[in-house]
Amino acid sequence: MVKCLNNDITAEQLKERLQVIRENICKAAFAGGHDPDGVDVMAVTKYVGAQAVVRAIEAGVKLIGENREQSLREKIPALPRGAVDIHFIGHLQRNKAASVVKMVSTVQSLDSLELASVLDRQALLCEKKLAVLVEVNIGRDPHKSGIAPEAVFEMVDALRDCPNLTVRGLMTILPLEADEVQCEKYFSQMNGLYVDIRAKNGDNVSVDCLSMGMSSDYRLAVKHGATLVRIGTSLFES
Ligand SMILES: *Cc1c(COP(=O)(O)O)cnc(C)c1O
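What counts as what
- Residues numbered from 1 in each chain as written.
- Predicted model: local features only at pLDDT ≥ 70, side-chain atom pairs only at ≥ 80, totals over all residues.
- Heavy atoms only, no water.
- Buried < 20%, exposed > 50% of the residue type's maximum accessible area, 1.4 Å probe, protein only.
- Helix = DSSP H or I, 4+ residues; strand = E, 2+ residues; numbered from the N terminus.
- Pairing = 2+ DSSP bridges.
- Right-handed = clockwise from strand over helix to strand, strands pointing away.
- Core = buried A, V, L, I, M, F, W, Y, C linked by side-chain atoms within 4.5 Å.
- Contact = heavy atoms within 4.5 Å.
- Salt bridge = Lys/Arg side-chain N within 4 Å of Asp/Glu carboxyl O.

Participant: Break down the pairing of strand β2 (residues 63-66) for me, citing the residues and quoting the values.
Facilitator: A regular strand places its side chains on the two faces of the sheet in alternate fashion. Going residue by residue along β2, you find Leu 63 and Gly 65 tucked away on one face and Ile 64 and Glu 66 tucked away on the opposite face as well. Here strand β1 (residues 40-44) runs beside β2; their pairing, made up of two bridges, is parallel. Its bridge partner lying in β2, Val 44 is registered against Gly 65. In the classification by handedness, the crossover that spans β1, the intervening helix α2 (residues 50-58) and the parallel β2 is right-handed.

Take a look at the structure:
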């Protein structure tokens, strides 16, 4: 991570920024005909150290996301126990799966059946149910992970063979170069997939989460039905 955001940010500043983000979510949700209370804000903490994360928790953050196993391992001991829900949002190498499963409630970046079976086995060993989101490469960006949109149904069906996983929905990251029109198109396609897989609820499939939208595009994501937005820069920037 080359980018490094403001580690000295105060809980007061974080509270104000969270409020602004909440207001923006409200407007965007109403614009799209969605319930703003159905949208959770994740603080993405990959650009800041543990003390800034502690202040974010003081400011009211209930959910954090990290994309590297090592950063999680370093930060978790500094956080108040049980104060925050932690999701893994980065590309997960199999040899890091055991460690990550111990530390998080949810892996948002499930992008293959091979990884699913590794996570399933690790969840069993930890005697926990691990929530997963299927990562979809909606923009077919060759630089991004995630499965193709047409493979989503087959993937969700196949995940019924992983009883220690709970399939809670979908996650996506849009191509960096997407303009506003393309963003809306991709978010709307994601919402279509989300509505369709919700109809598959049953067994370990319990879909209630559509994770899409980051600092630059969360308003558009919420307008198109996101239930979880992942915000790093807008929260922690100087
Ligand atoms: C870094 C990251 C974010 C947050 O991005 P910002 O633009 O800093 O808000 C969201 N989702 C994922 C998967 C990330 O890696």
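Participant: Which residues make up the pairing of strand β8 (residues 228-231), and what values do they have?
Facilitator: Both faces of β8 are covered, namely the face carrying Leu 228 and Arg 230 and the face carrying Val 229 and Ile 231. When β1 meets β8, the two strands line up parallel, connected through four bridges. If you follow Met 42 over to β8, its bridge partner there is Arg 230.

Participant: Go over the nonpolar core, please, and point to the residues and values.
Facilitator: Counting 75 residues, the largest nonpolar core has Val 104, Leu 119, Leu 130, Leu 159, Leu 170, Val 229 and Phe 236 as the members making the most contacts within it. The element contributing the most residues to this core is helix α7 (residues 180-198), with seven residues. The contacts of Leu 159, once residues within four sequence positions are left out, are Leu 110, Leu 113, Ala 116, Val 134, Leu 165, Val 167 and Asn 204. Judged by nonpolar contacts, the second largest core, of eight residues, contains Met 42, Leu 63, Ile 89 and Leu 228.

Participant: Explain the side chain of Asn 164 to me, and be specific about the residues and the numbers.
Facilitator: Its place among the elements puts Asn 164 in the loop between α6 (152-158) and β6 (165-172). Classification of Asn 164 by relative accessible area gives buried; the value is 11%. Setting aside anything within four residues of it in sequence, one finds Asn 164 in contact with Asp 120, Ala 123, Leu 124, Lys 128, Lys 129 and Leu 130.

Participant: Let's hear about the pattern of salt bridges: which residues, and what values?
Facilitator: Tallied over the full model, the rule gives nine salt bridges. Asp 141 is paired through a salt bridge with Lys 144; the nearest N and O atoms lie 3.5 Å apart. Between Asp 157 and Arg 160 there is a salt bridge, with its nearest N and O atoms 3.8 Å apart. Through salt bridges with shared partners, a single network forms among Asp 157, Arg 160, Lys 200 and Asp 203.

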